[in-house]
Amino acid sequence: MPPISDIRNIGIIAHIDAGKTTLSERMLFYSRKIHRMGEVHDGAATMDYMPEEQERGITITSACTSCQWREKMINLIDTPGHVDFTIEVERSLRVLDGAVGVFCAVGGVEPQSETVWRQSEHFAVPKIAFVNKMDRLGADFEAALEAIRRRLQTNAVAVTAPLGQGESFAGVLDLISGETLTFDPADQGRTVLRVPFSPREATLAAPWRETLLEKLAEADDKFLELWMEGSFSREDVRAALRRATLSRALTPVLCGSALRNAGVQPVLDAVCDYLPSPLDVPAPVGRDVQGREEAVEPDPDAPPVALVFKVLMENGRKLSFLRLYAGQIREGDSLRNVTRKSDDRVGRIFRLHADRREQLESASAGEIAAVVGLRTAHTGETYAARARELVLESIEAYAPVLTLALEPRNADEGKTLDEALARYVEEDPTFQVSLDDDSGTRMISGMGELHLDVLLERMRREYGISPRAGQPQVVLRETVRREAEAEAVFDKELGKEHHQGAVALRVAPLPRHTGNQVTVGDFLPADPQEARKILPPALLQAALDGVRDGLQSGELTGWPLVDVAVTLTNVERREGLTTIPGCHMAAGQALREALSKAAPVALEPVMRVEINVPEDFLGPAISLFTAAGGKVEDLEDHAGRKLLRGTAPLRRLFGFSTSLRSATQGRAGLMLAFDRFDLP
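Residues numbered from 1 in each chain as written. Predicted model: local features only at pLDDT ≥ 70, side-chain atom pairs only at ≥ 80, totals over all residues. Heavy atoms only, no water.

Tallying secondary structure elements over the chain gives 16 helices and 38 strands in all. Here the C-alpha radius of gyration of the chain, 28 Å, is about what a compact globule of 680 residues would show, namely 26 Å. Across its three principal directions, the C-alpha atoms of the chain cover 95 × 65 × 60 Å. By residue count, 55% of the 680 residues in the chain fall in the buried class. Within the chain, contacts between residues separated by at least 24 positions form 72% of all contacts whose residues are at least 6 apart in sequence. Roughly 29300 Å² of accessible area belongs to the chain as shown, and the carbon and sulfur atoms make up 48% of that amount. Each charge class in the chain can be summarised by its mean position, and for the 80 positive and 101 negative side chains these summaries are 2 Å apart. (Helix = DSSP H or I, 4+ residues; strand = E, 2+ residues; numbered from the N terminus. Rg over C-alpha atoms; globule rule 2.2 N^0.38 Å. Buried < 20%, exposed > 50% of the residue type's maximum accessible area, 1.4 Å probe, protein only. Contact = heavy atoms within 4.5 Å. Areas by Shrake-Rupley, 256 points an atom, 1.4 Å probe, with all protein chains shown as cover. Lys, Arg positive; Asp, Glu negative; His and termini not counted. Charge placed at Lys NZ, Arg CZ, Asp CG, Glu CD.)

This part covers the sheet that holds strand 33 (residues 517-520). Pairing is mixed in the open sheet, where four strands are placed in the order 31-32-34-33. With partners counted over all chains shown, the strands left at the sheet margins are strand 31 (484-494) and strand 33, one partner each. On average, each strand axis in the sheet is tilted by 25° relative to the strand beside it, whichever way the strands run. Bridging between strand 31 and strand 32 (residues 497-509) involves eleven bridges; their strand directions are antiparallel. For A486, the partnering residue across the bridge sits in strand 32 and is L505. Along the sheet face, helix 14 (residues 580-597) touches strand 31, strand 32 and strand 34 (564-572) and points at about 35° away from the line of strand 32. (Pairing = 2+ DSSP bridges. Axes fitted to C-alpha atoms, helices over the stretch in contact; angles between N-to-C directions.)

What follows deals with empty space enclosed by the protein. Evaluation of the coordinates by the stated rule reveals two cavities of 30 Å³ or more. Approximately 80 Å³ is the volume found for the largest cavity. C64, T65, N75, L352 and I368 are, among the 13 residues lining the largest cavity, the residues nearest its centre. Elements with a minimum of two residues in the lining of the largest cavity: strand 2 (63-69), strand 3 (72-78), strand 19 (349-353) and strand 22 (368-372). Residues belonging to the lining of the largest cavity are distributed by class as follows: nine nonpolar, three polar and one charged. There are two domains that each give the lining of the largest cavity at least three residues, and those are domain 1 (8-274) and domain 2 (286-392). (1 Å grid on protein atoms, 1.4 Å probe; cavity = no way out; pocket = protein on both sides within 12 Å on 5 of 7 lines; lining within 4 Å. Points joined across faces, edges and corners; volume = space filled by probe spheres on them. Nonpolar A, V, L, I, M, F, W, Y, C, P; charged D, E, K, R; others polar. Domains from an automatic or database assignment.)

Here helix 6 (residues 199-219) crosses helix 8 (residues 234-246) at 55°, and the two axes come no closer than 10 Å. Classed by the angle they form, the pair helix 6 and helix 8 counts as oblique. Here the hand of the crossing between helix 6 and helix 8 comes out left-handed. On the side of helix 6, the interface is formed by L213, L216 and A219, while helix 8 contributes V237, A240, L241 and A244. Its residues assigned to classes, the contact of helix 6 with helix 8 comprises seven nonpolar, no polar and no charged. (Parallel < 35°, antiparallel > 145°, perpendicular 65-115°, else oblique. Left-handed = near helix turned anticlockwise from the far one by under 90°.)

For the chain, the assigned domains read domain 1 (8-274), domain 2 (286-392), domain 3 (402-475), domain 4 (479-598) and domain 5 (602-678). Taking only C-alpha atoms into account, the centre of domain 4 sits 43 Å from that of domain 5. The partner domain 5 presents five residues to the six residues of domain 4 that form the contact. Between domain 4 and domain 5 the total buried area reaches about 400 Å² when both faces are included, carbon and sulfur atoms providing 68% of it. (Buried area = accessible area lost by both parts, 1.4 Å probe.)

A cluster of nonpolar side chains, namely L224, W227 and M228, defines an oily patch on the protein surface of about 300 Å² accessible area. Inspection of the secondary structure puts L224 in helix 7 (residues 221-229). (Patch = residues over 30% accessible without salt bridge, like charges linked within 9 Å, V, L, I, M, F, W, Y side chains within 5 Å. Salt bridge = Lys/Arg side-chain N within 4 Å of Asp/Glu carboxyl O.)

Below, the discussion takes up the sheet that holds strand 22. Spatially, 18-17-23-14-15-22-19-20 is the arrangement adopted by the eight strands of the open sheet, whose pairing is antiparallel. Among the strands making up the open sheet, the edge pair consists of strand 18 (342-345) and strand 20 (356-360). Ignoring which end each strand starts from, the neighbouring axes of this sheet average 40° apart. Strand contacts of helix 10 (residues 411-427): strand 14 (305-314) and strand 15 (317-326), with the helix running at about 155° to strand 14, the strand carrying the most contacts.

Turning to the pairing of strand 19, a few remarks are in order. Burial analysis of strand 19 places five of its five residues in the buried class, the great majority of the element. Across the two faces of strand 19 the burial is the same, with I349, R351 and H353 and F350 and L352 all buried. Relative to strand 20, strand 19 runs antiparallel, the two sharing five bridges. Residue pairing across strands places I349 opposite L360, the latter belonging to strand 20. Alignment of strand 19 against strand 22, held across two bridges, turns out to be antiparallel. Across the sheet, F350 pairs through a bridge with A370, a residue of strand 22.

This part covers the side chain of T251. As for its placement among the helices and strands, T251 is situated in strand 11 (residues 251-255). Discounting residues that sit within four places of it in the chain, T251 has contacts with W117, K127, I128, A129, T154, N155, A156 and V157.

Right, let's get into the packing of aromatic side chains. For the coordinates displayed, the defined rule picks out seven aromatic pairs. Taking the centre distance of 6.0 Å and the plane angle of 75° together, the rings of F309 and F321 count as edge-to-face. Placement of F309 in strand 14 and of F321 in strand 15 is noted, with a sequence separation of twelve residues between them. Using a relative accessible area of 1% as the deciding quantity, one classes F309 as buried. Exposure remark for F321: the relative accessible area of 5% places this residue in the buried category. K127 extends its terminal NZ or CZ atom over the ring of W117, reaching a point 4.9 Å from the ring centre. The lysine or arginine in question, K310, covers the ring of F321, its NZ or CZ lying 5.5 Å from the ring centre. (Phe/Tyr/Trp six-rings, centres within 6.5 Å; stacked < 30°, edge-to-face > 60°. Lys NZ or Arg CZ within 6 Å of the ring centre and 35° of its normal.)

Take unusual backbone geometry next. Of note in this structure, R70 is not a glycine but carries a positive phi near 50°. Position of R70 among the secondary structure elements: in the loop between strand 2 and strand 3. Here the phi dihedral of A599 falls at roughly 55°; this positive angle occurs in a residue that is not glycine. In this structure, A599 sits in the loop between helix 14 and strand 35 (600-613).

Given below as structure tokens:
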């Protein structure tokens, strides 16, 4: 087991088709984890092990592996680039210490690049960047670097520069060591030839190196002194660059062509030199049962604390992916699911290599491992020793935007369908299932057409069923446009018991994206003791729960309500008559009545749209976009093409990609990402 200081937990993040999986494959090959490189376009990449990934040539699920480079243990997660699988990126970034952002030298910063970079900034993840595909026609390292600075708002600085671009790309210039690096094609780039700069190469590298040193002096006071004195070594530059990267003051940028086996070893060196170990990042904060905060330091001798960041179901058993923040776990240990207040026993422990596993005797602080036996585990939950019941911040789930009706072809298929859906819900926090009691139809909701299409494909492959699917329907939300008040009295027998409750409340609209607020008005005394005499806490809580439950289903659409403020203005107690169920039911009735008076309105998903199109086809592209209800927000030149950005309602975008391809002879690129729920 390596020292914690020698562990690097990193992720590869980028837009779809930037070359993440190809880069991962080369990193594994050069570190001798694998002995033959598989290619994405051949469906043979190690990290794309699902049949759906191999057929489509995209990454769908984040794959974990580990390798060693320069005595450092690198735990590597290759994440998807498609927006439909953004939860895979989110939950990976939550447990990683550093990341490598991959960018295309031709396309530069593309839409999903911005999304995943923003996600990584949310978790304060230090990053390095790799400008890939330097051998492609139209490659422009300087333009890509400028796009990284401008669109990602990051202080990016080149630490390697290309020797030639496009067809003339021949190697990389190491701006720190002053050497030209070329990669021997005879052994697939495994041999790196290092030669001091020639006069021509020194001239090419000079402005890049000068910029690197200037930016480093601005970002690091210790290096500034050395720079002013004019006496510093390569080690001084690397040490300063590490400090600046860990503080996120600078982002080192490297370049190369992963497919042509050029420039990958410097990325591995940069991972070891500049990205953090678990000791170099702020310790996560957990909360104990009293709500007190405690930092979880990466101490292997402390009681264990771990976060579940992914769950897979295999033959009816759960495989839980854990990031261990403190302590050690061994087979047979009892751990507490602090989130659910239940105890589970650790079965076997594995280090993962895509779909293959290496069994471990134990896992220690700072490591990523997979564990069998945690029966109650779900994504985002915390496991800890009973002596240290801390809850770590959970992983945010995304609201689905698209719904599809599924109908089994017969009763037997219905049972298998329910089994498959239960498994996928367990594994994927962005996938939801509900049952229409009247028709028996299963309603599945996900992040987009590709997301649901992949799940249906998995169902056919893994379970041998092909349920009938309806037309996709957008997921809606509901809100109100004005204030309204209502009161309701519930007075009925339920079963053999009589229940009574009386509740008055007020609803009001809130600004968009605020969420719901449920509060208690000033009808009770401020003194808690006096308030309890008038209304027991259990009755007040029942009324609040009735309101919160009622907000899950609006009167207009049946979908949840958002951005609504609800204030309880009175909960009446009648001695000997008022009951908890009565208060709950009365609150629900009062809420429905108030909502009907408050001008309810449906909100539908609005998507961020980015269209990359040759200038000759810009007119037809804009016409199609505006006809689909789109609003153009920005138009710029990008790599010799036009880049159109805007928003459009998802409901109007069904079939849009097909129409766009037809109108532009297949030469337009389209990216959609969920932006918000808003008025049509």
